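Results of the structural survey
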Amino acid sequence: MPNRILIIFAHPLFEKSNANAALVKQIPQSENITFHDLYQEYPEFDIDMKREQQLLLMHDIIIWHHPMYWYSCPPLLKQWIDIVLEHGWAYGKEGKALKNKRLLQVITTGGRRENYSPTGRDRFTIMQLLEPFYQTVQVCNMTYLPPYVVHGTHVMKNQGYDECGKEYNRLLQYIENNDLNISELSKYTYFNDWLKTKLS
């Protein structure tokens, strides 16, 4: 039985992002994949908590797809996390609604991969910067998958955008139609690197 995937997309300047446009363009047309653009749905930031919770319940794999925004996520996604992941529903003694669902962050960064290291310009690794998200997912009883990261978007050419889009398409098709080996995946820092072992 295929996995149902919910892509929660948050980009305040989507119309200016060639990289994210290329990724979104390649999302497979499938009844099992729901693309949910937060900035399109909630331009006034008036998030419908119950509607969002219902969407989460209807899917097996949740994707937070966003640019790295000052080493975090855009403000609307942060507000979504604050409002939707309600105590007593998503976490807390009675909060088991999301138990065993998988969460994957799909992130674009202007900086190159080597920048995100103790000796690089950004000083911290991607996983160190994503620790608050990882912990949020843990508290909500979900499984946090290694992030899928598209680095170097500021220096990328059209061919690079196209290649990233096609890989995103393959990623989504793979996780839709295959069970994920979590213990194997946990050995990788990036979902990208694990995915290459499956598609090679």
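Our subject is the structure listed above.
My aim in this report is to walk through the structure given alongside it, one point at a time. (Residues numbered from 1 in each chain as written. Predicted model: local features only at pLDDT ≥ 70, side-chain atom pairs only at ≥ 80, totals over all residues. Heavy atoms only, no water.)

**Structural notes on the packing of helix α1 (residues 18-25) against helix α7 (residues 158-177)**
Orientation of α1 relative to α7, taken along the N-to-C sense of each, is 35°, at an axis distance of 7 Å. You can see that α1 and α7 cross each other, and the crossing is right-handed. Where α1 approaches α7, its residues N18, A19, A22 and L23 are matched on the opposing element by Y161, C164, G165 and Y168. Residues belonging to the contact of α1 with α7 are distributed by class as follows: six nonpolar, two polar and no charged. (Axes fitted to C-alpha atoms, helices over the stretch in contact; angles between N-to-C directions. Helix = DSSP H or I, 4+ residues; strand = E, 2+ residues; numbered from the N terminus. Left-handed = near helix turned anticlockwise from the far one by under 90°. Contact = heavy atoms within 4.5 Å. Nonpolar A, V, L, I, M, F, W, Y, C, P; charged D, E, K, R; others polar.)

**Considering the nonpolar core**
With 35 residues, the main nonpolar core has I8, L38, L56, W64, L77, W80 and L85 as its most contacted residues. Those elements giving two or more residues to this core turn out to be β1 (5-9), α2 (38-41), α3 (49-57), β3 (61-67), α4 (75-84), β4 (102-108), α5 (126-129) and α6 (131-139). Broken down by element, this core gets its largest block of residues, five residues, from α4. Dropping the residues within four chain positions of it, L56 is found in contact with L6, I8, I62, W80, V84, L85, W89, L98 and K101. (Core = buried A, V, L, I, M, F, W, Y, C linked by side-chain atoms within 4.5 Å. Buried < 20%, exposed > 50% of the residue type's maximum accessible area, 1.4 Å probe, protein only.)

**Comments concerning the pattern of salt bridges**
Evaluated as defined, the whole model comprises six salt bridges. A salt bridge links R51 to E41; the shortest N-O distance between them is 2.9 Å. Pair noted here: R51 is in helix α3 and E41 is in helix α2, with a separation of ten residues, a long-range link. Two residues, K78 and D82, come together in a salt bridge whose shortest N-O distance is 2.7 Å. Highlighted residues: K78 and D82, both in helix α4, separated by four residues, approximately one helical turn. (Salt bridge = Lys/Arg side-chain N within 4 Å of Asp/Glu carboxyl O.)

**What about the packing of α3 against α4?**
Running from N to C, α3 and α4 cross one another at 90°; their axes reach a closest spacing of 10 Å. With respect to each other, α3 and α4 are oriented roughly perpendicular. Residue-level contacts link M49, E52, Q53 and L56 of α3 to W80, I83 and V84 of α4. Looking at the contact of α3 with α4 residue by residue, the classes come out as five nonpolar, one polar and one charged. (Parallel < 35°, antiparallel > 145°, perpendicular 65-115°, else oblique.)

**A few points about the packing of aromatic side chains**
A complete count under the given rule lists eight aromatic pairs for this structure. Aromatic side chains F9 and F35 sit 5.4 Å apart centroid to centroid with 40° between the ring planes, which places their arrangement in the tilted category. Taken together, the residues F9 in strand β1 and F35 in strand β2 (residues 33-37) connect sequence positions 26 residues apart. Classification of F9 by relative accessible area gives buried; the value is 0%. Judged by its relative accessible area of 33%, F35 is partly exposed. Ring centres of Y39 and F45 lie 6.0 Å apart, and the angle between their planes is 80°; this geometry places the pair in the edge-to-face category. (Phe/Tyr/Trp six-rings, centres within 6.5 Å; stacked < 30°, edge-to-face > 60°.)

**Topic: the state of the cysteines**
Here is the idea: a disulfide is a covalent bond, and it sits between the sulfur atoms of two cysteines. Overall, the coordinates contain zero disulfides when judged by the stated rule. Considering cysteine sulfurs only, C140 is the nearest to C73, which forms no disulfide, with 14 Å between them. (Disulfide = S-S within 2.5 Å.)

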